[in-house]
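So the chains spell out like this:
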Amino acid sequence: MSSPLDWEHLKTLLALSRGATLSGAARALAVDQSTVTRRLSAMEARLGVRLIERNGDGIHLTAAGETAVAGARSMEAAALGVERQLSGLDARPTGTVRVTTLEMIAARVIAPALPQLAQEHPGLVLEVIADNRTLDLTRRDADLALRLGRPTEPDLKARKLATLTLGLYGSTGIDWQWPVNPGLDNRPLIVPDSSIGATPEASWLSEQGRDAKVMARLSSLTGQIAACRAGLGIACLPDVFAREEADLYRLADTGINRELWLVLHPDLSDAARVRAAADWLVRLCSSLG
């Protein structure tokens, strides 16, 4: 009986399907590009078919490659499911819990409170991933997530923690002539970058400030606040963070609310370490709004 396909080879094909380049797959797998090429060649030789095609705009899967990737995805999902179930058997609140959230929440809310967590659970280590992207909890990119907006994935558990109000802010060092001349027409604006996806504040600013001058597009709330403080323009910011800045002035209400949700995979909900971290985050963030 022949041995099964090498899982490392299948993982390499998966990485190629997601990254579309040899260098991208190498980075995702933390190996060099020659290793990716060697694994791919070995798998094609073993199967006797071509799995990828190379052209000027990158790498494309052949029909055989698509079939192999579909099977590899199923194997990956099964392996991750076993990992989540085994993680859920741990009865002690010890070990590492990976939490992904916006960098502003990581810096302003979570980081200052970590000594409290260390006192409550000395054996628990919180690994905080400050990232504006929505990481995949099913693939174990993180154990928990704090997201602005209710999750759309049907297989995840979620709990609403707070409602954050947003206002228009400008630097106190500039006379904005507000409310004598309210409105955003002809005003300099600082807006969210499109890389973080469509947001209510970005849509509102686009609608209300059709004739405004966009001075900068920033994906980071920290960057938006810094640019606003420097007097670059007006920004739409969460009140819970902007009101802490002495040199920012709240010009107007926007009527925009963003909900903060705690999200996790149900397979991890019984793991003591994840449950302890989740309970702590609930207490920490529920006071935000």
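I will try to describe carefully the structure that is included in this document. Along each chain, numbering runs from 1 in the same order as the chain's sequence is written. For this predicted model, a pLDDT threshold of at least 70 governs which residues receive local features, and a threshold of 80 or more governs which side-chain atom pairs are given and counted, while totals over whole chains, interfaces and linings are taken from all residues. Where side-chain values are given, they derive from all heavy atoms of the structure, hydrogens and water being excluded.

The next thing to look at is the pattern of salt bridges. Salt bridges, as used here, are contacts in which a Lys or Arg side-chain nitrogen is within 4 Å of a carboxyl oxygen on Asp or Glu. Applying the stated criterion across every chain yields a total of 15 salt bridges. Put simply, K160 and E259 hold a salt bridge, and the shortest N to O gap is 3.4 Å. Residue K160 is located in strand β6 (residues 157-171), and its partner E259 is located in strand β10 (residues 248-264); the two are separated by 99 residues in the primary sequence. A 1.4 Å probe rolled over the protein chains alone gives each residue an accessible area, and that area as a share of the maximum for its type sets the label: buried under 20%, exposed over 50%, partly exposed in between. Taking relative accessible area as the criterion, E259 reaches 30% and is therefore assigned partly exposed. Residues joined in a network through salt bridges with shared partners are R108, R229, E244, E245 and D247. Each helix is a run of DSSP H or I of at least 4 residues and each strand a run of E of at least 2, with the numbering of both proceeding from the N terminus.

In this section: unusual backbone geometry. Glycine aside, the phi torsion of most residues is negative, and most peptide linkages are trans. Cis geometry is found at the peptide bond from W178 to P179, where omega equals 10°. Note on placement: P179 falls in the loop between β6 and β7 (188-192). Even without glycine at this site, Q177 takes up a positive phi of about 50°. Within the element layout of this structure, Q177 appears in the loop between β6 and β7. On the basis of relative accessibility, which here comes to 47%, the residue Q177 falls in the partly exposed class. The residue N186 is not glycine, and still its phi comes out positive at about 65°. When you line up the elements, N186 lands in the loop between β6 and β7. Here N186 falls in the exposed class, since its relative accessible area comes to 66%.

A few words now on the environment of A278. Position of A278 among the secondary structure elements: in helix α9 (residues 272-285). For A278 and V99, which are 179 residues apart along the polypeptide, the C-alpha to C-alpha distance reads 9.4 Å. Not counting residues up to four positions away in its chain, the partners in contact with A278 are L144 and L262. The contact criterion used is simple: two residues touch if any of their non-hydrogen atoms lie within 4.5 Å.

Our focus in this paragraph is the sheet that holds strand β5 (residues 144-148). Ordered in space as β4-β3-β5-β10-β6-β9-β7-β8, the eight strands form an open sheet in which the pairing is mixed. In this open sheet, the two strands that pair with only one neighbour each are β4 (124-130) and β8 (213-218). Averaged over neighbouring strand pairs, the angle between their axes works out to 25° when direction is ignored. Strands are labelled as partners when DSSP assigns at least two bridges between them. With five bridges connecting them, β7 and β8 associate as parallel partners. Note on β8: the bridge partner recorded for I190 is A216. Axis definition: a line fitted to C-alpha atoms, over the contacting stretch in the case of helices. Angles run 0 to 180 degrees between N-to-C directions. Each of β3 (95-101), β4, β5, β6 and β10 touches α9; the most contacted strand, β5, lies at about 30° to it.

What follows covers the environment of L148. Locating L148 in the fold gives a position in strand β5. Using a relative accessible area of 21% as the deciding quantity, one classes L148 as partly exposed. Note: C-alpha distance between L148 and W261 (113 residues apart in sequence) is 6.3 Å. Excluding residues that lie within four positions of it along the chain, L148 makes contacts with L102, L164, R258, E259 and L260.

The tendency in soluble globular proteins is for nonpolar side chains to be buried side by side. For our purposes a nonpolar core is just a set of buried Ala, Val, Leu, Ile, Met, Phe, Trp, Tyr and Cys residues, chained together by side-chain atoms within 4.5 Å. Judged by nonpolar contacts, the single largest core of 42 residues is most densely connected at L144, L146 and L281. Among the elements that make up this core, the one with the highest residue count is α9 (nine residues). Formed by 18 residues, the second largest nonpolar core is a distinct cluster that contains L10, L13, L29 and V69.

Attention shifts here to the packing of helix α1 (residues 7-19) against helix α2 (residues 22-29). One way to put it is that α1 packs onto α2 with a least axis distance of 8 Å and a crossing angle of 125°. Classed by the angle they form, the pair α1 and α2 counts as oblique. α2 is crossed by α1, and the crossing has right-handed handedness. Along its contact with α1, which presents K11, T12, A15 and L16, the element α2 presents L22, A25 and L29. Following the grouping adopted for this structure description, the nonpolar residues are Ala, Val, Leu, Ile, Met, Phe, Trp, Tyr, Cys and Pro, the charged ones are Asp, Glu, Lys and Arg, and the polar ones are all others, Gly among them. Taken together, the residues that form the contact of α1 with α2 break down as five nonpolar, one polar and one charged. Oblique is the label for any angle not under 35 degrees, not over 145, and not in the 65 to 115 range, which are roughly parallel, roughly antiparallel and roughly perpendicular in turn. Helix crossings fall into two classes, left-handed where the near helix is turned counterclockwise from the far one by less than a right angle and right-handed where it is turned clockwise.

To continue, consider α9. Each helix should span, by expectation, one fewer than its residue count multiplied by 1.5 Å. Its 14 residues give α9 an end-to-end C-alpha distance of 20 Å, which sits within 8% of 20 Å, the value for a rise of 1.5 Å per residue. Extensive coverage of α9 is indicated by the burial of eleven of its 14 residues.

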